[in-house]
Structures are given as C-alpha cells and as structure tokens.
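An overview of the molecular structure
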Amino acid sequence: MSRLARIPTQDFDRDVTAVAMDDRFILVGQVDGKLSAVYHKNGVSVFSAKISENEITAVCCEEQDEDDNPIFYAGDIEGNLYTVNKKGKVLATAKLQARKGKIHTIVNRNKYSIYAYTSGGNTSFSHATTDFRKGNFSTASANYSFDGDGTFHKKKGAGDYNVIQYDGRTPTKVVATCAIEFGKKLKNFEQVFAYAVIDEEYENMIEEGTAENSIQVLNANSKKIRTLEFKSPVKQVMSCRHHEGDAETDKIYILLWNGMLYKCTGAMLMDPEVANDALDLKVAVMEEDDEDEDDDKGEYKGFCVFGKKICIYGNDGLFTADVKDD
C-alpha cells in the first residue's frame, strides 16, 4: 500500500489549486498566481515564479519537449494562458474570451500544441512557445448536463447542472465526476473520457449529503456498462492508458470527495462480462499513520498520477506517494 507524504518544502502546505506531472517534474499552480515546479525524485525546487495576478486553475507539462528544454503550461481563472520554461520565464501568452469561461483543463495535442478546456468548450492552440496561435473553438465538450437525482443527459440545458467532458489522461479542476466513457481505440488502449459537473452550486448537494455517490461507466456508443457505488461522490478520474513512454499502463484512478483514491484495471472496468464485485478495484494510497481504508480523509481538491508517482492536493497542501505494483 502506498502512503502519502509531504514533499520536503513548505511552499505547498496550502493554497494549491492545480497539479500536473510528467516523468521528472511536479508542476504546481497556486491561488496567488504562482507557478512552481519540483523534481518528483527528491522534491528539490526547479523554479517558482509569480506569472499571474489571478488564481492558477490548470497546469500541464509538455509531453514532447526536449530533456534540456522542458516546457510547461498554465491557465488562470481569467482565461489567460502561459507557456513557461524551466527557469520560470514566461515565453508566450494567450487570452481566451471571458464568455468562454475559466480554464479548468489543459491537454497536450501535438508538440507545443494544446487544447484549453473551459466551461463553454475547448480551444486549440499551436506554436505555444512562440506566438501562441489560436485555432478552432468547439462546444462539443460542453454539451452535457446532470440532474439532481443522478440522471445524466447528453444535451446541454436538459439537466439541473452543466457538465463538461474531459480527457482522462490529463488532470482537471472540476466539482464532481458523474460518468466515465471508454471511447475509440488509440494505440494500445481505448481512450478514457470523463464527464464532470462544473456548477459550484452542486457542492451544496455534496455538503448536504444528497449528491450521487455513484459513477456510470459507458462504452463508445454511450451505453451503460455498469454503475459503481461508493461511500462519497466521485471528484476526479484519471487514466494512465495514454501517458507517454513507460508511464503507459492500463490503470484508471478514481478520487472521491472524502479523500479516498481507488485504482482499477481499465480492461476489467470496460468489460460488461466482469461483475462489479469481480473488479480489482482497490485503495491506491493511504495517509501516513492511517490504517482505516474507509475513513473520511478530509477534502482533497484533485490529483495527478504519472508513471510511478501520485500527487494529491487539498486544503492541507500537497502530498505525494509512490505507485506500488499490485
């Protein structure tokens, strides 16, 4: 069982608002507009720079950069995008229109090309290290909704709360996740998409204990494979199926609002012939000095997993753990 521990710096004991990782770095965004990176091998600081006057809401590591020139991306609550190098220098910036909504996810598209996801849809960008060229805007990722009784709609406005689709291979900042969808096969595995409630009013239902504690698992035709029941609403989902290099593995991670982080093999999760009680769903990490797998761990805001490292952040700051093989 992996155990969570703080990295050896007090810089991230609180106010962490976004986290991403690659094979070497943990990238951290904070409420005061600061962007920082540390080596996840030893927690040593790489850089820390105040790049914005606003809260950082999304961060991302470039997947295809060179070892001698790592590139990082960040987005803030006002829709500003930043490309930053290893020294913490901002190389290029771009701005999304306010009506598109705040940035909650940044996804690698190609080398130095990204998608920025907002509550209104997603926008493509290329040449992110130079002139940050804006491409097409699509509303396709925002055409979903969710009712207070747990009914999921593939139509915007049909439900009580707005829902967006996000790519499970990338960390994201959302209120709750209501469904997982296995899409078309890409390379070795089917893609994993997740559907998340983004309306902050939904937090009231979670705090009151009336929100759904389940998550639906769908196939590429949007037909339900199964429903997983938990003791707390699902916060965020991540898939390791399409991570770069040795980090690629068939594991799906599920973070609950009560702080529990589970993992499951994707091939089993998507197979309708595998019953829920036959899944290899198990707790992925434990807190230090904690032996109770069902206790309430307190409020975590989100997490990231890449290769052999897990990173979780919340009101009490940033914690990491090593991924243990089953």
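Located above this text is the structure these notes cover.
Rules behind the numbers
Residues numbered from 1 in each chain as written. Predicted model: local features only at pLDDT ≥ 70, side-chain atom pairs only at ≥ 80, totals over all residues. Heavy atoms only, no water. Helix = DSSP H or I, 4+ residues; strand = E, 2+ residues; numbered from the N terminus. Disulfide = S-S within 2.5 Å. Buried < 20%, exposed > 50% of the residue type's maximum accessible area, 1.4 Å probe, protein only. Phe/Tyr/Trp six-rings, centres within 6.5 Å; stacked < 30°, edge-to-face > 60°. Pairing = 2+ DSSP bridges. Lys, Arg positive; Asp, Glu negative; His and termini not counted. Salt bridge = Lys/Arg side-chain N within 4 Å of Asp/Glu carboxyl O. Polar contact = N/O pair within 3.5 Å; in protein donor to acceptor, adjacent residues only side chain to side chain. Contact = heavy atoms within 4.5 Å. Patch = residues over 30% accessible without salt bridge, like charges linked within 9 Å, V, L, I, M, F, W, Y side chains within 5 Å. Areas by Shrake-Rupley, 256 points an atom, 1.4 Å probe, with all protein chains shown as cover. Charge placed at Lys NZ, Arg CZ, Asp CG, Glu CD. Core = buried A, V, L, I, M, F, W, Y, C linked by side-chain atoms within 4.5 Å. Axes fitted to C-alpha atoms, helices over the stretch in contact; angles between N-to-C directions.

The next thing to look at is the environment of isoleucine 198. With respect to the helices, strands and loops of the structure, isoleucine 198 is situated in the loop between strand E18 (189–197) and helix H1 (202–208). C-alpha of isoleucine 198 to C-alpha of asparagine 162: the two residues are 36 residues apart in sequence and 6.2 Å apart in space.

Each disulfide consists of one covalent bond between the sulfur atoms belonging to two cysteines. Across all of its chains, the model carries zero disulfides by this definition. The thiol of cysteine 61 is unpaired, and the distance to the nearest cysteine sulfur, on cysteine 60, comes to 6.5 Å. The exposure class of cysteine 61 is buried, given its relative accessible area of 5%. Cysteine 304 carries a free sulfur, and the closest cysteine sulfur to it, the one in cysteine 311, is 7.0 Å from it.

Moving on, we get to the packing of aromatic side chains. What describes a pair of aromatic rings is the distance from one ring centre to the other and the angle between the planes of the rings. On inspection of all chains with the given rule, the structure shows twelve aromatic pairs. Ring geometry for tyrosine 144 against tyrosine 195: centres 4.8 Å apart, planes inclined by 70°, an arrangement best described as edge-to-face. Taken together, the residues tyrosine 144 in strand E14 (residues 144–146) and tyrosine 195 in strand E18 connect sequence positions 51 residues apart. Per residue, the accessibility class of tyrosine 144 equals that of tyrosine 195, and both read buried.

On to the pairing of strand E9 (residues 90–95), then. Of the strand pairs in this sheet, strand E8 (residues 80–85) and E9 are connected by five bridges, and their pairing is antiparallel. Bridge assignment links leucine 81 to a residue of E9, and that residue is alanine 94. Connecting the antiparallel pair E8 and E9 is a turn made up of four residues, with glycine 88 showing a positive phi of about 85°.

Another point: the side chain of aspartate 76. For aspartate 76, the location among the structural elements is in strand E7 (residues 71–76). As a buried residue without a salt bridge, aspartate 76 has its nearest oppositely charged side chain in lysine 95, at a separation of 6.0 Å. One polar contact links the side chain of aspartate 76 to the main-chain amide nitrogen of asparagine 80, over a distance of 2.9 Å. Look past the residues within four positions of aspartate 76 in its chain and what remains in contact with it is Ser52, Asn54, Glu55, Ile56, Thr57, Tyr82 and Ile103.

A cluster of acidic residues, Asp23, Asp67, Asp68 and Asp246, forms a negative patch on the protein surface. Mapped onto the fold, aspartate 246 is located in the loop between strand E21 (234–239) and strand E22 (251–256). Given a relative accessible area of 84%, aspartate 246 falls into the exposed group.

The topology assignment puts serine 138 in strand E13 (residues 133–138). Each C-alpha atom of the pair serine 138 and serine 36 lies 30 Å from the other, and the pair is 102 residues apart in sequence. Here serine 138 is in contact with Gly120, Gly121 and Asn122, once residues within four sequence places are set aside. Here alanine 140 takes part through its backbone nitrogen, which lies 3.1 Å from a polar atom of the side chain of serine 138.

Glancing now at the nonpolar core. In this structure, Tyr253, Leu261 and Leu318 are the most contacted members of the largest nonpolar core, which totals 30 residues. When residues of this core are traced back to their parent elements, those giving at least two are strand E2 (16–21), strand E3 (25–30), E22, strand E26 (300–306), strand E27 (309–314) and strand E28 (317–322). The biggest single contributor to this core is E26, with five residues. When sequence neighbours within four positions are dropped, the list of residues in contact with tyrosine 253 reads Gln236, Val237, Met238, Cys240, Leu261, Tyr262, Lys263, Ala284, Phe303, Val305, Ile310 and Val323. Listed in part, the 28 residues of the second largest apolar core include Ala142, Leu228, Leu256 and Met260.

On the basis of which strands lie adjacent, the open sheet formed by seven strands has the order E15-E14-E16-E18-E17-E19-E20 and mixed pairing. Each of the sheet's edge strands pairs with one partner strand only, and the pair in question is strand E15 (152–153) and strand E20 (224–229). In terms of strand pairing, strand E17 (residues 176–186) meets strand E19 (residues 214–218) through three bridges, oriented parallel. Looking at the pairing, isoleucine 180 lines up with valine 217 of E19.

Here we take up the sheet that holds strand E5 (residues 45–50). Taking strand neighbours across the sheet as the criterion, the four strands line up as E2-E3-E4-E5 in an open arrangement whose pairing is antiparallel. The open sheet has two free edges, formed respectively by E2 and E5, since each of these has just one partner strand. Direction aside, neighbouring strands of the sheet carry axes that sit 15° apart on average. Strand direction decides the pairing type here: E3 and strand E4 (residues 34–39), joined by five bridges, are antiparallel. By the bridge assignment for E4, glycine 29 is matched with leucine 35.

Next up on the list: the pairing of E22. In terms of burial, E22 is largely enclosed, as six of its six residues are buried. Burial along E22 is two-sided: Lys251, Tyr253 and Leu255 and Ile252, Ile254 and Leu256, pointing in opposite directions, are all buried. The sheet contact formed by E21 and E22 spans five bridges and is antiparallel. Across the sheet, glutamine 236 pairs through a bridge with leucine 255, a residue of E22. Inspection of the sheet shows E22 paired to strand E23 (residues 261–265) by five bridges, in the antiparallel sense.

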